[in-house]
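The residues making up each chain are set out below.
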Amino acid sequence: MDRLVVEGGFPLKGETRVSGAKNAALPLMAASILADGPLTLVNIPRLGDLRTMGRLIAFMGGSVSPFWENGEAEVATIETRNIDRPEAPHELVKTMRASALVLGPLLAKCGRAKVSLPGGCAIGVRPIDLHLTALKEMGATFDLSGGDIVAAAPKGGLKAARIRFETVTVTGTENIMMAAALADGVTTISNAAKEPEVVDTGEALIKMGAKIEGLGTDELAIEGVPSLSGAEYRVMPDRIEAGTLIAAVAVAGGEVLLKGTPFKAMAGVIEKFASSGLALEAQGDDLLARRDPLEPLKAQDMTTSPFPGFPTDMQAQFMAAMTLARGVSIVTETIFENRFMHVAELKRLGADISLEGRVAVVRGVKSLSGAPLTASDLRASASLILAALAAKGQSSLARVYHLDRGYNRLDRKLNSLGAKIRREKE
Ligand code: EPZ
């Protein structure tokens, strides 16, 4: 296993391009199952979860072209007409919860599926009960055997239904949207997720021939069609990677130009960092982020919420920035029940944070000092790297595979901006 060693105290300087969005590419890869022809995805980021999804599609009998051409031209052509094993086994699912995303497409296309029930993960129990309830309303039946969900669609295929999610669920919305694309009739989804990645998935489905209304709102209507064709689709830029890089400048100071920033998809994040005093300036499609290393940010309260609110996937990174801000920040996590795994590790660097349930009280300190750290989940790892950039002296981060699951070599990007991060075998 790899670990990262960080020398803190170097402001960031330079420019870097925002990679394709992990949480758009995952449902898009699952959507390929619905197509009667190859789906080519352009701007696929080079990261672990997508490699796992590619392995899963290959396991089922599909084929994925070499993920990455030379350099950064990331293209994947996915051919799924030969899928003859609509199954997602435990050894693949346990590393990536999002494999539940193949359930809807497999039921719609193959009429059956056997998917290992995703285990919990560091940030919470994360069931998929909302997905299953909605698919049941479309006529699917489920048995649980040996930790696998054995699913079957009705003889004549899934039926349209009027679905209402009691909780906003991103992959739940994506799963039902994909299942409904080939279901007979018009399926409506109320209290649908509005995240940009849901819209990106819907736009790709429309390009493949699906009929979808209401993308970006909480009311979706999907009119089933007999079949979907292949297509070529460009994955949207990753608003969470972009937000993480903005947070890196907030923590370390300096001046960075983020090329290809998805402004509309990250208004909440930009606004919150701007109100903390980070200089953020749009330059065409690029965003210039600046902070004088000698000028700390102002503390800001923040509460996570579904889009267009401040995303839960940016909570840990924002908290890292607030550990060095002037004043007290109240950070409230409303989406997951246990997404403060980074707090204990940030305190090892000298941060002053106290937890009361879903609320973290962050009292800004003058400085942090390096220490050995352990990653627990994807975004917690990112927040620890950011804090280490500003911590005096050396920090190390073990279990870096958490980071590599969700970022396109974040350490390399930060080093190209002047950070001093060494990757070594643990
Ligand atoms: C998606 O996860 C993202 N993953 C997550 O990003 C993100 O944190 C999350 O949405 C919230 O924005 C992908 O898109 C691949 P949810 P998802 O269903 O769909 C509960 C990252 O860091 N819930 O919107 O799994 C659930 O426990 C990852 O990139 C149920 O109770 O999240 C959570 O408390 C982490 N039953 C809340 O709803 C269900 O059936 C929102 O979850 C489904 C969800």
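This text follows the structure it describes.
Everything in this summary refers to the structure shown in the same document.

Reading the values: rules and limits
Residues numbered from 1 in each chain as written. Predicted model: local features only at pLDDT ≥ 70, side-chain atom pairs only at ≥ 80, totals over all residues. Heavy atoms only, no water. Helix = DSSP H or I, 4+ residues; strand = E, 2+ residues; numbered from the N terminus. Buried < 20%, exposed > 50% of the residue type's maximum accessible area, 1.4 Å probe, protein only. Pairing = 2+ DSSP bridges. Core = buried A, V, L, I, M, F, W, Y, C linked by side-chain atoms within 4.5 Å. Contact = heavy atoms within 4.5 Å.

Concerning unusual backbone geometry
With an omega of 10°, the peptide bond running from Phe-307 to Pro-308 counts as cis. With respect to the helices, strands and loops of the structure, Pro-308 is situated in the loop between β18 (302-303) and α10 (315-322). Phi is positive for Arg-399, which is not a glycine, with a value near 60°. Residue class for Arg-399 comes out partly exposed when judged on its relative accessible area of 38%. Even without being a glycine, Arg-409 presents a positive backbone phi close to 50°. With respect to the element layout, Arg-409 can be found in the loop between α13 (401-406) and α14 (410-416). Since its relative accessible area comes to 26%, Arg-409 is described here as partly exposed.

Remarks on the sheet that holds strand β14 (residues 231-234)
Each strand in a sheet pairs with its neighbour through backbone hydrogen bonds, running either in the same direction (parallel) or in the opposite one (antiparallel). With mixed pairing, the four strands of this open sheet are ordered in space as β4-β5-β3-β14. Only two strands of the sheet have a single partner each, and these edge strands are β4 (63-64) and β14. Two elements, strand β3 (residues 39-42) and strand β5 (residues 75-79), share four bridges in a ladder whose sense is antiparallel. Counterpart to Leu-41 in the pairing with β5 is Ala-76.

Details of the nonpolar core
Looking at soluble globular proteins, one finds that nonpolar side chains tend to be buried together. Residues Val-102, Met-138 and Leu-205 are the most contacted members of the largest nonpolar core, which totals 78 residues. Of the residues forming this core, the biggest block, seven residues, is contributed by helix α1 (residues 22-31). Contacts of Leu-205, omitting those with residues within four sequence positions, involve Ala-31, Leu-34, Met-177, Met-178, Ala-210, Ile-212 and Leu-228. Listed in part, the 67 residues of the second largest apolar core include Met-266, Leu-346, Val-362 and Ile-385.

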